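Residue strings, one per chain:
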Amino acid sequence: MKRKLLSLSALTGALICSSTKAGVTADSVTTYIPGIIRSDYRTSSAALGGLSSDAGFGSIVTPFNPAFSTTDIVGLQGDGGLLTLHLSAPITIAPGAALGVHAGTGLAGDFNGPIVQNQNPAADFNSRISTLKVSFDGTTFVTVAADHTFTNPSNFYDQGITDPGFPTSPGTHAADQFKPFFNVDDAHPLARFDGKDWTGTLAALNGSAGGDWFDLSGVNLPAINFVQFDTAGTQTMYVDAVVGVPEPGSLSLLGLSLLLLRRRR
């Protein structure tokens, strides 16, 4: 009996670990129509996987130094621009389901002094615009955000970076790419960064790697397996990474294991 209890306990611990550390990223490109984007930003595979620490020229991604390397972001521009990504695992539609998009946007900082300082009010210097859609089967897509302006910055390390302007040495602790970073003021999505220095900027991110996040709990689909970006007119969009919170379904498995453990006892 004791050995069975230990086995179930180990299973519970493994499920807790899985539910807190596992995450969803894009694992393949199903459609890519670049539109009129410049030719050196047409490597569609740059949108696969999680957020990379590399911004370009050996520098590290920070809110003030977003990804700009042609191997780290892919672009689409104008009428007919389209990028469809398949996810590494389904995101089950349930309370807590969310999707994050890293679009290579950056904060406009004051670099005149020894400490990088956000403007007040905070502003970005390279926002992107696209319609964001999701799908269960890759055929029927539901719009999550039409003509959305992506402004939130990305940040790879939440510790160990002292100069976020153009750092070339890695930090000591990576930020959580699967921790949602929702806007608190849609009219001014960067309000949390108003006038903040580097320490204040990290505090505002609160351990998250940032990006624009979307609540999926109300989407009328059983789960999400595909994410699509669609540009029109003069819109320009770049995608660095797409990430999802741990599947709510994994938490159900955890609850089941706890129930089995209680019944064994």
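See above for the structure.
Residues numbered from 1 in each chain as written. Predicted model: local features only at pLDDT ≥ 70, side-chain atom pairs only at ≥ 80, totals over all residues. Heavy atoms only, no water.

Draft legend 1. Representation of the overall build of the protein. Looking only at helices and strands, the protein has three helices and 16 strands in total. Taken across its 265 residues, the protein has 48% of its residues classed as buried. Restricting to contacts in the protein with at least 6 residues of sequence separation, those with at least 24 account for 77%. Accessible area of the protein: about 12100 Å², with a carbon and sulfur share of 55%. (Helix = DSSP H or I, 4+ residues; strand = E, 2+ residues; numbered from the N terminus. Buried < 20%, exposed > 50% of the residue type's maximum accessible area, 1.4 Å probe, protein only. Contact = heavy atoms within 4.5 Å. Areas by Shrake-Rupley, 256 points an atom, 1.4 Å probe, with all protein chains shown as cover.)

Draft legend 2. Molecular detail of the side chain of Ser130. Its location among the elements puts Ser130 in strand β9 (residues 128-135). With relative accessibility at 0%, the residue Ser130 sits in the buried group. In this structure, Ser130 is in contact with Ala145, Asp147, His148, Phe150, Phe229, Asp230, Thr231, Gln235 and Met237, ignoring residues within four places of it in sequence.

Draft legend 3. Representation of the pattern of salt bridges within the structure. Tallied over the full model, the rule gives two salt bridges. A salt bridge links Arg38 to Asp40; the nearest nitrogen and oxygen atoms lie 2.7 Å apart. Residue classification places Arg38 among the partly exposed positions, given a relative accessible area of 48%. Between Asp230 and Lys133 there is a salt bridge, with its nearest N and O atoms 3.5 Å apart. (Salt bridge = Lys/Arg side-chain N within 4 Å of Asp/Glu carboxyl O.)

Draft legend 4. Representation of unusual backbone geometry. Cis geometry marks the peptide bond from Asn120 to Pro121; its omega dihedral reads 5°. Checked against the element boundaries, Pro121 lands in the loop between β8 (117-118) and β9. Its identity is not glycine, yet Asp147 carries a phi of approximately 50°, on the positive side. Within the secondary structure, Asp147 sits in strand β10 (residues 141-150). Judged by relative accessible area, which is 45%, Asp147 ranks as partly exposed. In this model, Asn206 sits at a positive phi of 55°, which is unusual for a non-glycine residue. Position of Asn206 relative to the elements: it lies in the loop between α2 (198-205) and β13 (212-215).

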